[in-house]
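# Commentary on secondary and tertiary structure
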Amino acid sequence: MTTFAWKSLKTRASAAASATALASTLAVAATGASAMLPFATAQAQSAATARGLPDFTDLVDQVGPSVVNIRTLEKVAPGDDSLGVDEDMLEFFRRFGLPMPNMPRRSPRQSPPSEEEQPRGVGSGFILTPDGYVMTNAHVVEGADEVIVTLTDKREFKAKIVGSDKRTDVAVVKIDAKGLPAVRIGDVNRLKVGEWVMAIGSPFGLENSVTAGIVSAKQRDTGDYLPFIQTDVAINPGNSGGPLINMRGEVVGINSQIYSRSGGFMGISFAIPVDEAIRVSDQLRATGKVTRGRIGVQIGPVTKEIAESIGLGKAQGALVSAVEPDSPAAKAGVEAGDVITKFDGKPIDKVSDLPRMVGNTKPGTHSTLSVLRRGKNKDLNLVIAEVEPDDAAKAKAPGSKSSPQGTIINKPLGLTLGELTAAQKKELAIKGGVRVVAATDAAARAGLREGDVILQLANVEVTDLKSFEAAWAKADKAKPVNVLVRRGEWAQYVLIRPAR
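Parameters and conventions
- The numbering scheme is per chain: residues are counted from 1 as the chain's sequence reads.
- Local features in this predicted model are restricted to residues of pLDDT 70 or higher, and side-chain atom pairs are both shown and tallied only at a pLDDT of 80 or more, whereas totals for entire chains, interfaces and linings draw on every residue.
- For side-chain calculations, the full set of non-hydrogen atoms in the structure is used, while hydrogens and water are omitted.
- Secondary structure follows DSSP: runs of H or I at least 4 residues long count as helices, runs of E at least 2 residues long count as strands, and numbering of each begins at the N terminus.
- With a 1.4 Å probe rolled over the protein chains alone, any residue whose accessible area is under 20% of its type maximum counts as buried; one over 50% counts as exposed, and the rest are partly exposed.
- We call two residues in contact whenever any of their non-hydrogen atoms come within 4.5 Å of each other.
- Methods summary: accessible areas were calculated by the Shrake-Rupley approach with a probe of 1.4 Å, and residue burial reflects only the protein chains presented.
- A helix is expected to span 1.5 Å multiplied by its residue count minus one.
- Directions from the helix axis toward the C-beta atoms define the arc.
- The quantity called pLDDT is the predictor's confidence in a given residue, expressed from 0 to 100.
- We count a salt bridge whenever a side-chain nitrogen from Lys or Arg sits within 4 Å of a carboxyl oxygen from Asp or Glu.
- Two strands form a pair only when DSSP identifies at least two bridges running between them.
- Nonpolar core, defined: a set of buried Ala, Val, Leu, Ile, Met, Phe, Trp, Tyr and Cys residues in which side-chain atoms within 4.5 Å join the residues together.
- What qualifies as a polar contact is a pair of N or O atoms within 3.5 Å, subject to a donor-acceptor requirement within protein and to the restriction that residues adjacent in sequence count only when both atoms come from side chains.
- Two aromatic rings, drawn from Phe, Tyr or Trp (for Trp, its six-membered ring), form a pair once their centres lie within 6.5 Å of each other, and the interplanar angle then sorts them: stacked below 30 degrees, edge-to-face above 60, tilted otherwise.
- In our convention, an over-ring charge means Lys NZ or Arg CZ found within 6 Å of a ring centre and within 35 degrees of that ring's normal.

### Looking at the overall build of the protein chain
A tally of helices and strands in the protein chain yields 12 helices and 28 strands. Across the 500 residues of the protein chain, 41% fall into the buried class. In the protein chain, once contacts between residues fewer than 6 apart in sequence are set aside, the share between residues at least 24 apart is 61%. Accessible area of the protein chain: about 27,100 Å², with a carbon and sulfur share of 53%.

### Description of helix α6 (residues 274-287)
A turn of α-helix holds 3.6 residues, and therefore any two residues three or four places apart point the same way. Taking 1.5 Å of rise per residue, 14 residues should cover 20 Å, and α6 covers 20 Å from first to last C-alpha, within 8% of that figure. The complete set of buried residues in α6 reads V274, E276, A277, V280, S281 and L284. Buried residues of α6, seen end-on, are gathered within an arc of 145° and therefore sit on one face of the element. With respect to the buried face of α6, the exposed residues turned more than 90 degrees away are A286 and T287.

### Brief notes about the confidence of the model for the protein chain
Low pLDDT marks stretches whose predicted atomic positions should not be read closely. Considering every residue of the protein chain, the mean pLDDT works out to 80; 75% of them sit at 70 or more. Under a pLDDT of 50 for its full length, residues 1-37 has, in the predicted model, six contacts with residues more than four places off or in other chains. A low-confidence stretch, residues 391-405 (pLDDT under 50), is modelled with 19 contacts involving residues beyond four sequence positions or located in other chains.

### Considerations on the pattern of salt bridges
In the structure shown here, the tally under the stated rule is 18 salt bridges. For R71, the salt bridge identified is with E156, shortest N-O distance 3.0 Å. Pair noted here: R71 is in strand β1 (residues 67-76) and E156 is in strand β5 (residues 156-165), with a separation of 85 residues, a long-range link. Note on R71: relative accessible area 28%, which makes it partly exposed. Given the relative accessible area of 47%, E156 is considered partly exposed. Connected through salt bridges with shared partners, the residues E335, D338, R373, R374, K431 and E461 form a single ionic network.

### Notes on the pairing of strand β24 (residues 434-439)
The side chains of a regular strand alternate, residue by residue, between the two faces of the sheet. Relative to β24, strand β23 (residues 415-419) is paired through five bridges, and the arrangement is antiparallel. What sits directly across from E419, in β24, is V434. Bridge analysis of β24 against strand β25 (residues 453-457) gives two bridges, and the strand direction is antiparallel. Following the sheet pairing, R435 is matched in β25 by V453.

### A look at the pairing of strand β10 (residues 227-231)
With five of its five residues buried, β10 lies for the most part within the structure. Burial along β10 is two-sided: the residues P227, I229 and T231 and F228 and Q230 are all buried. Here four bridges tie strand β9 (residues 209-221) to β10, and the two strands are oriented antiparallel to one another. Looking at the pairing, D221 lines up with P227 of β10.

### A word on the environment of K158
Mapped onto the elements of the fold, K158 is located in strand β5. With residues near it in sequence (within four places) discarded, K158 still touches E146, V147, I148, K174 and I175.

### Considering the nonpolar core
One recurring pattern in soluble globular proteins is that nonpolar side chains are buried together. Membership of the largest hydrophobic core comes to 29 residues, with the highest contact counts inside it found for F126, M135, I229, L244 and I272. At four residues, the largest contribution of residues to this core is made by α6. In contact with L244, not counting residues within four places along its chain, are V197, M198, I229, T231, V233, E250, V251, V252, G253, N255 and A271. Residues V436, I454, L457 and V483 belong to the second largest nonpolar core, which totals 22 residues.

### Regarding unusual backbone geometry
Of note in the backbone geometry, N208 takes a positive phi value of approximately 55° without being a glycine. Residue classification places N208 among the partly exposed residues on the basis of a relative accessible area of 36%. Phi at A458 takes a positive value of approximately 55°, unusual for a residue other than glycine. Turning to its location among the elements, A458 is positioned in the loop between β25 and β26 (460-461). Residue classification places A458 among the partly exposed positions, given a relative accessible area of 26%.

### Let's talk about the environment of R487
On the secondary structure map, R487 appears in strand β27 (residues 481-487). By relative accessible area, R487 is classed as partly exposed at 31%. Taking the C-alpha atoms as reference, R487 lies 9.7 Å from L428; in sequence the two are 59 residues apart. Sequence-distant contacts of R487, that is, excluding residues within four places in its chain, are made with G447, L448, R449 and D452. A distance of 2.9 Å separates a polar atom in the side chain of R487 from the backbone oxygen of G447.

### What to know about the packing of aromatic side chains
Across all of its chains, the model carries two aromatic pairs by this definition. A ring pair is formed by F56 and W196, whose centres lie 6.0 Å apart and whose planes are at 65°; its orientation type is edge-to-face. Separated by 140 residues along the polypeptide, F56 in the loop between α2 (15-51) and α3 (57-63) and W196 in strand β8 (residues 196-201) bring together distant segments of the chain. Pairing F228 with F270 gives two aromatic rings, centres 6.1 Å apart and planes at 65°, and the pair type is edge-to-face. Taken together, the residues span a long stretch of sequence, with F228 in strand β10 and F270 in strand β13 (residues 269-273) at a distance of 42 residues. Taken as a pair, F228 and F270 share a single burial class, namely buried. A cation sits over an aromatic face here: K174 above Y133, 5.4 Å from the ring centre. We note R285 situated over the ring of Y133; from NZ or CZ to the ring centre the distance is 4.5 Å.

Below, the structure is given as structure tokens:
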């Protein structure tokens, strides 16, 4: 455009004007060239960035041979077409002695057929040691009558289940082979959010499938004993038990769970940190089971409001809602309403920290609990016990109907209170407290109800009606009052805003 305009005016312009126009044109051209430099630089930077994207090919070559496919089989009667049939419908026909539609009817004299093995499921795993120990998920091998491990070179082995742990979803199986390519174990503490990671497994039975993504979060709480690694790596049914691998070719986790509303991958997956898994696998290989410590408390989180009202400062620690009778905690003097702030000197930042710390402590170990009780810190010594099996005796809910003797009415709190009988105290395993006969107005709005037991008021222990009235007399009526309430087996803090 500039050159054309200069030519159209050339017949009426002097040589000087022409020279000026030419200089202007050159200046414009020079300016345009200068403006092009940032664009060219951006292109070069973009190309450099593209060249810097991760290449997973070496990792696949390095770790791929260590990843295995796991098939499980179960024994069923041949010709049993009831598999996959609705159980309620099947039970109906069985109960009335009717044959299922489209199913062959067996003669009463016909002997039951021998069992045969049918495919049950497909999962993944990885070689832990050269002599044939393989790690996978507990849910992959749960209920299996036979486990088949297939290597990348197509060799198949019948595997023996060494042990499995449902709490962490870790299992170890053993195949009879030597000189296998074992994985290298990485350091989970070095793993960073945003770091590239890769998964190898058998999604939907497709062996040796590779997917990649980044670490989305660490220490994700989805279980009592596991701070999961969250990623956006595509994980689907069949990937379970496969390794999560960092860019150094090290295993940092076991792919275990996904968040899904459809049953398939929706962008969020979870892996068991490999350090936790190795701790479990070591015990499984040594004894076939996992031993964990316990202290015998039921715990809950500490909210910001509760933390401020009891003088804790910030929301941290584990609030004791119940103490099991004759447990290590009970023998050490732990009480419902205590806030456990440290275990063996290590701070409890969130409630899930405590079960992990205790669980990883060997039974018989002498440990120390630091608790906050009615505004004061105390150290309690106890001996760690062993976790009971999942089907161990469950705590019984108190059901006493005895009527309390004597009552008082506290209108600002909306409470009618009565004394506890000796039988009620024994049943609840508590030293004292007062029973809520009726809850209205402020107490009802706070969630209290008939049958609740008040153990503390405004950080003061309540043993009977007299001590409750004394605590109320000293309480600041202009502020919400914290009340420690026992309901059934559980105890929790409740804030009541007194009526004025």
